[in-house]
Amino acid sequence: MATELGALVQRMQPLLGRFRGQTRGGVPEPDGLDDLRRRGPYERLLATEWLLADELPDEFLRRAAASEHLFLAPRPRAREAEKSIVAIFDAGPRQFGAPRLGQLALWILLARRAAQIGGAFQWGVLQLPGGLEGADDARQLRSLLKARDFDVGSPTHVSAWREVLAGMAHAPGESWLVGSAPTEQAAPERWTSHRVCLQRAVLGDVLDVSLSDRSGLRRAQLPLPSVKAGVPLLRGEFTQRAPANLHRRHGGRISLQRPPVISPTGKHVAVQLLDEPGMLVFAVPVDGQRKAAKPKYQYWGQSLVPLAAVLLGKRMGALLSDTHSRHESHGQSLHFWQVPGLGSFAAPQPEAFRAPPGLAVWLSAAWLHDQMQQRVCMIDRDGRLVIWNATPGVMPNPAAGAPKLVDGKVLGMLQWSELGVVYVAVHDNQIVLRRLGATGGPVSAQVICTRIDETRVLFADSWQWRSGLGGMALRIATEPHDVWRIHQPDPTSGGGRYGLFPQKWTTFEMRAPRALALIHDSTHGRYALLSLSPSLDGLDLHTQGGTENIYKAPERIEKISVCPCTGLAVMLTVHKKIIMYAVPQRALRAVLHGKGASDDAAA
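Read on for a plain summary of the structure. (Residues numbered from 1 in each chain as written. Predicted model: local features only at pLDDT ≥ 70, side-chain atom pairs only at ≥ 80, totals over all residues. Heavy atoms only, no water.)

**Focus on the overall build of the protein**
Consideration 1: Secondary structure assignment for the protein yields seven helices and 39 strands.
Consideration 2: Considering only contacts in the protein between residues 6 or more positions apart, those separated by 24 or more positions represent 53%.
Consideration 3: Summing over all exposed atoms, the protein offers an accessible surface of approximately 30,000 Å²; the carbon and sulfur share of this is 52%. (Helix = DSSP H or I, 4+ residues; strand = E, 2+ residues; numbered from the N terminus. Contact = heavy atoms within 4.5 Å. Areas by Shrake-Rupley, 256 points an atom, 1.4 Å probe, with all protein chains shown as cover.)

**Here we look at the packing of aromatic side chains**
Consideration 1: Considering all chains together, one arrives at 15 aromatic pairs under this definition.
Consideration 2: Both rings, one in Phe 89 and one in Trp 123, keep their centres 6.5 Å apart while their planes meet at 75 degrees; by these two values the pair is edge-to-face. Taken together, the positions of Phe 89 in strand S3 (residues 85-89) and Trp 123 in strand S4 (residues 121-125) put the pair 34 residues apart, joining distant regions of the chain.
Consideration 3: Since its relative accessible area comes to 0%, Phe 89 is described here as buried.
Consideration 4: Each ring, one from Trp 300 and one from Trp 337, has its centre 5.1 Å from the other, and the planes form 85 degrees; the classification is edge-to-face. Separated by 37 residues along the polypeptide, Trp 300 in the loop between strand S13 (296-299) and strand S14 (304-312) and Trp 337 in strand S16 (residues 331-337) bring together distant segments of the chain. Taken as a pair, Trp 300 and Trp 337 share a single burial class, namely buried.
Consideration 5: Members of the aromatic cluster, connected to one another through ring pairs, are Tyr 42, Trp 50, Phe 60 and Phe 71.
Consideration 6: Stacked on the ring of Phe 96, the Lys or Arg Arg 148 has its end atom at 4.1 Å from the ring centre.
Consideration 7: Positioned above the aromatic ring of Trp 362 is the side chain of Arg 258, whose terminal nitrogen or guanidinium carbon lies 5.1 Å from the ring centre. (Phe/Tyr/Trp six-rings, centres within 6.5 Å; stacked < 30°, edge-to-face > 60°. Buried < 20%, exposed > 50% of the residue type's maximum accessible area, 1.4 Å probe, protein only. Lys NZ or Arg CZ within 6 Å of the ring centre and 35° of its normal.)

**Notes on the nonpolar core**
Across soluble globular proteins, you tend to see nonpolar side chains buried next to one another.
Consideration 1: Core analysis: the largest hydrophobic core is formed by 39 residues, its most contacted members being Met 12 and Phe 121.
Consideration 2: Going through the elements one at a time, helix H1 (2-16), S3, helix H4 (98-116), S4, helix H5 (138-146), strand S5 (174-179), strand S6 (194-200) and strand S7 (206-213) are the ones with two or more residues in this core.
Consideration 3: Non-local contacts of Met 12, meaning those with residues more than four positions away in its chain, are made with Gly 102, Ala 105, Leu 106, Leu 109, Val 209 and Leu 222.
Consideration 4: The next biggest cluster of nonpolar side chains, apart from the first, holds 34 residues, and it includes Val 271, Cys 449, Met 472 and Leu 474. (Core = buried A, V, L, I, M, F, W, Y, C linked by side-chain atoms within 4.5 Å.)

**Some words on the side chain of Gln 127**
Consideration 1: Take Gln 127: it is sitting in the loop between S4 and H5.
Consideration 2: Polar side-chain contacts of Gln 127 include one of 2.7 Å to the side chain of Asp 90.
Consideration 3: If near-sequence neighbours (up to four positions away) are discounted, Gln 127 is found in contact with Phe 89, Asp 90, Ala 91, Gly 92, Asp 149, Asp 151, Val 152, Gly 153 and His 157. (Polar contact = N/O pair within 3.5 Å; in protein donor to acceptor, adjacent residues only side chain to side chain.)

**Here we look at the environment of His 250**
Consideration 1: For His 250, the position within the fold is in the loop between strand S9 (247-249) and strand S10 (261-262).
Consideration 2: According to the relative accessible area criterion, His 250 is buried, its value standing at 10%.
Consideration 3: When the C-alpha atoms of His 250 and Lys 294 are compared, they prove to be 8.5 Å apart, with 44 residues separating the residues in sequence.
Consideration 4: Ignoring anything within four residues of it in the chain, the contact list for His 250 reads Leu 280, Phe 282, Pro 295, Tyr 297, Ile 578, Leu 592, His 593, Gly 594 and Lys 595.
Consideration 5: One polar contact links the side chain of His 250 to the main-chain amide nitrogen of Gly 252, over a distance of 3.2 Å.

**Points about the sheet that holds S5**
Consideration 1: Strands sit in the order S4-S3-S5-S6-S7-S8 across an open sheet of six strands; the sheet is mixed. A single partner strand is all that each edge strand has here, and the edge strands are S4 and strand S8 (216-223). Pairwise comparison of adjacent strand axes, ignoring direction, gives a mean angle of 20 degrees for this sheet. (Pairing = 2+ DSSP bridges. Axes fitted to C-alpha atoms, helices over the stretch in contact; angles between N-to-C directions.)

**Some points on the pattern of salt bridges**
When the charged atoms of two side chains lie near each other, side chains of opposite charge can form a pair.
Consideration 1: For the structure on display, the rule yields 20 salt bridges.
Consideration 2: The closest approach of N and O atoms between Arg 384 and Asp 380, which form a salt bridge, is 3.0 Å. Side by side, Arg 384 and Asp 380 carry an identical accessibility label, which is buried. (Salt bridge = Lys/Arg side-chain N within 4 Å of Asp/Glu carboxyl O.)

**Considerations on the state of the cysteines**
Disulfide: a covalent bond formed between the sulfur atoms of two cysteine residues.
Consideration 1: Inspection of every chain in the model, using the stated rule, returns zero disulfides.
Consideration 2: Here Cys 565 stays free of any disulfide, with the sulfur of Cys 563 as its closest cysteine sulfur at 5.0 Å. (Disulfide = S-S within 2.5 Å.)

**Overview of the sheet that holds strand S33 (residues 526-532)**
Consideration 1: An order of S32-S33-S34-S35 is seen for the four strands of this open sheet, with the pairing classed as antiparallel. The two strands at the open ends of the sheet, each matched to only one other strand, are strand S32 (515-521) and strand S35 (546-552). Going across the sheet, the axis of each strand differs from the next one's by a mean of 30 degrees, ignoring polarity.
Consideration 2: For S32 and S33, the ladder comprises six bridges, and the chain directions are antiparallel. Bridged to His 520 within S33 is Tyr 527.

**Description of the packing of H4 against H5**
Consideration 1: Contact pair H4 / H5: the axes reach a minimum separation of 11 Å and the direction vectors enclose 150 degrees. Classified by the interaxial angle, the pair formed by H4 and H5 is roughly antiparallel. For the crossing formed where H4 meets H5, the hand is right-handed. Taken together, the residues of H5 that come into contact with H4 (itself represented by Arg 100, Gln 103, Leu 104, Trp 107 and Ile 108) are Gln 140, Leu 141, Leu 144, Leu 145 and Lys 146.
Consideration 2: A per-class count over the contact of H4 with H5 returns six nonpolar, two polar and two charged. (Parallel < 35°, antiparallel > 145°, perpendicular 65-115°, else oblique. Left-handed = near helix turned anticlockwise from the far one by under 90°. Nonpolar A, V, L, I, M, F, W, Y, C, P; charged D, E, K, R; others polar.)

**Some remarks on unusual backbone geometry**
Consideration 1: That bond from Glu 479 to Pro 480 is cis: its omega, -5 degrees, falls within 30 degrees of zero.
Consideration 2: Within the secondary structure, Pro 480 is located in the loop between strand S27 (472-477) and strand S28 (483-489).
Consideration 3: Non-glycine residue Ser 67 carries a positive phi angle of around 55 degrees.
Consideration 4: Mapped onto the elements, Ser 67 comes out in the loop between helix H3 (57-65) and strand S2 (71-76).
Consideration 5: Residue classification places Ser 67 among the partly exposed residues on the basis of a relative accessible area of 32%.
Consideration 6: The backbone of Arg 586 sits at a positive phi, close to 50 degrees, despite the residue not being glycine.

**Points about the environment of Asn 245**
Consideration 1: The topology assignment puts Asn 245 in the loop between helix H7 (227-234) and S9.
Consideration 2: Residues Asn 245 and Lys 291 lie 46 residues apart in sequence; the distance between their C-alpha atoms is 7.4 Å.

**Quick look at helix H2 (residues 47-55)**
Consideration 1: Those residues of H2 lying buried are Glu 49, Leu 52 and Ala 53. In a view along the axis of H2, the buried residues occupy a sector of 105 degrees, so they form one face of it. Every exposed residue of H2 that faces more than 90 degrees away from the buried side is listed here: Ala 47, Thr 48, Leu 51, Asp 54 and Glu 55.
Consideration 2: Packed against the buried residues of H2 are H3. (Arc of directions from axis to C-beta.)

**Brief notes about the packing of H2 against H3**
Consideration 1: Two elements in contact, H2 and H3, have axes whose closest approach is 5 Å; the angle formed by their N-to-C orientations is 130 degrees. When the axis of H2 is compared with that of H3, the two are oblique. Contacts between H2 and H3 involve Glu 49, Trp 50, Leu 52, Ala 53, Asp 54 and Glu 55 from the former and Pro 57, Glu 59, Phe 60 and Arg 63 from the latter.
Consideration 2: Within the contact of H2 with H3, the residues separate by chemical class into five nonpolar, no polar and five charged.

Structure follows, in structure tokens:
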């Protein structure tokens, strides 16, 4: 609701002006003494002045004639303005559609206005005199939207509401009439302190707003939400509906040591188990899914330590380090788990492939395959991109298990499908974009820019990378703030198969501290950077227009992974909940509770 009504609410706010509540009537009660004055009733004459009357009556009379007597002056109790606000909304046919959206925005502003001054906000419907409701939660706001009447507001309704307001124990500080009646009124006809007229403009998706109070008349034309967003708002659908099976339970105890692993398609998620050597694989729920798929437990040996994990669809694979097994030549051995055609082999020298066990992050990896060949791509701790080739159905050869070096200075990699990856590397003091498929060697695609120190690369999209250019973010500065250059595909530069894939970029820059991922925010047609909020319990989306908090978790987030192809964020919280949130759709997909997880709801 904040996203769709934001522009309307922000531009309506200045029209309201500052609060000017009516002061309470009656004679103010004294509140102690203020000071001494030369005027006042003689019952408050200073006692020493009466002594003067006894001893020197002529002097007493002279001082009285010259106004030199001193009187006690009481301090009057400050008259406090009545802080309550009452609004009467016209629910007749002239307020259907766009004007109702204006009433929605005004209801929110008046409720906030009353809260800021420490008062109460009550509202009623013009066609239903006498009934006043509060503004404690969204249910009462929905009650306003449900109050639809086909009777136009009449003098009878006005007369009845006048009696209601006059009969209140305390007159409200402000009284508002919101409807379609003209705001220009003669003073004797005014029965509310404020009158608002809402009408849809003749041209464009614009709302004409006129407001009159004791300060005068103010007018404005305000933007309306889109029809797609306005219809559910008028129905009272302020948030997206959560799936019926949003909260689910599983029997595993998950580890917070490493972040989740997400498949390139964003359809499956794997998390490491705490007490057992293995992974727990979940299917990500989709819209309309009634029955959730059961999670699958997949285990490896007790003595094996995982270095990298990959998901090819729902198939889990991993590179494991066997610290207890000693190979004849190098001692420590590595083992590919559940990757057909690849098995155990001697650990390469650190100069060829460095992957120390026990780190809190996974090595960046991709699992590719076509009809004849499989390939595992991996970036080690020194930024080297290496590959292992395997042929399905052929027994692995331990002697040929050493990886093959592809590039030595790789900044980032994206698996856009099962058929290939794109990556960015440094060559000859230039940052270049390259491609790698399930077979063959790397192919240079484009020179991006000259080398930048301490840079990072983030990718987005999937289908656009098939034969063209997808979204990419390049960090170009770290001091005093992180500055990113966003490379956005130019849709007018189509090429490749069927001419659908962009071949050029358009770029823009923006600041984003601690960015985790580049998101194609398809709902709003833009690219944005995603990060954890400074309090570590939410997600912030950084755009050229500023920073927006799009999700608030129920507790601190310990680990997070984001699928660059789909924008799915998977979070592990401090109490071991697994939260799946689709950033482009602003939709909570699932909250998974296992053993050791708190039972508090993650709303």
